[in-house]
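Understanding the architecture of this molecule
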Amino acid sequence: PKKITVAVSGSFFICCNFGPKHVAQMMNVPSLITNCFPYHALFGYGKLDISIPKIIYKNDVKISLKEIIDSNYFLGQNLRKNNDITFKENSKEDILNATKEMVVQTTKKKQIYDDKFIRKKFITFHPFLEGKGQISKNFIDKNEDLFI
C-alpha cells in the first residue's frame, strides 16, 4: 500500500448515509458520503458535500439512474429481498478520488464543478430533493453509463 500525505486547510467528515452524517451536517461540517444508498438522499444537505453512490445491479447488469428512478429502487424498498438485485460498494479508488475532491472543495470553500445535468434528472422525477451537494465528479466520469 502507498502512503499518501495530504495537507488540508479545510476539514470534512467521511461517512456513509446514516446517523453520523446527519450530526456532521447539523454542525455545518462538509461530508464525503460514501456508499450512498438509498438514492433519495444522494445529494448531501451542504453545498460542499460530495456523495459516491453504490452501484445497483440487476441480473449482473448495472442499472441506470433512469431505471433506478422509474422502478422506485432509489427508495430501497424490498431490494434486499429481491434475489436479482446486488450492490457494489465503493472501491478504495472511488473513495480516494472523492477525498481528493473534498480536499480541494473544502480548501476553496466552494463547489469545484457543476452537476446540474444530473440534478435535473433527479428533480424532474422527484422535486422533493433539496440537497445542495454533489456527486463525485470522478465517480460520474468512471460510471457515465449510469447517468445517460
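One structure accompanies this document, and this report is about it.

Procedures and definitions
- Residues numbered from 1 in each chain as written.
- Predicted model: local features only at pLDDT ≥ 70, side-chain atom pairs only at ≥ 80, totals over all residues.
- Heavy atoms only, no water.
- Helix = DSSP H or I, 4+ residues; strand = E, 2+ residues; numbered from the N terminus.
- Contact = heavy atoms within 4.5 Å.
- Phe/Tyr/Trp six-rings, centres within 6.5 Å; stacked < 30°, edge-to-face > 60°.
- Buried < 20%, exposed > 50% of the residue type's maximum accessible area, 1.4 Å probe, protein only.
- Lys NZ or Arg CZ within 6 Å of the ring centre and 35° of its normal.
- Patch = residues over 30% accessible without salt bridge, like charges linked within 9 Å, V, L, I, M, F, W, Y side chains within 5 Å.
- Areas by Shrake-Rupley, 256 points an atom, 1.4 Å probe, with all protein chains shown as cover.
- Salt bridge = Lys/Arg side-chain N within 4 Å of Asp/Glu carboxyl O.
- Core = buried A, V, L, I, M, F, W, Y, C linked by side-chain atoms within 4.5 Å.

Focus on the overall build of the chain
Helix and strand counts for the chain come out as five helices and seven strands. Beginning at the N terminus, the succession of helices and strands in the chain can be written as β-α-β-β-β-β-α-β-α-α-β-α. A separation threshold of at least 6 residues defines the contact pool for the chain, and within that pool the share at least 24 residues apart is 57%.

Some thoughts on the packing of aromatic side chains
Across all of its chains, the model carries one aromatic pair by this definition. Look at Phe-37 and Phe-87: their rings are 4.9 Å apart centre to centre, the planes differ by 65 degrees, and that puts the pair in the edge-to-face class. You can see Phe-37 sitting in the loop between strand S2 (31-36) and strand S3 (50-53) and its partner Phe-87 sitting in strand S6 (residues 85-88), a full 50 residues away along the chain. Like Phe-37, the residue Phe-87 is buried in the burial classification. The ring of Phe-87 is capped by Lys-54, whose NZ or CZ atom sits 5.5 Å from the centre of that ring.

A word on a nonpolar patch on the surface
On the surface, Val-23, Met-26 and Met-27 cluster together into a nonpolar patch covering about 360 Å² of accessible area. Here Val-23 shows up in helix H1 (residues 19-26). Its relative accessible area of 42% is what places Val-23 among the partly exposed residues.

What about the nonpolar core?
Formed by 21 residues in total, the largest nonpolar core has its most connected members in Leu-32, Ile-118, Ile-135, Phe-139, Ile-140 and Phe-147. When residues no more than four places from it in sequence are discounted, the contact partners of Ile-118 are Phe-43, Leu-65, Ile-135, Ile-140 and Phe-147. Grouped together as the second largest cluster of nonpolar side chains are eight residues, Phe-37, Tyr-39, Ile-63 and Phe-87 included.

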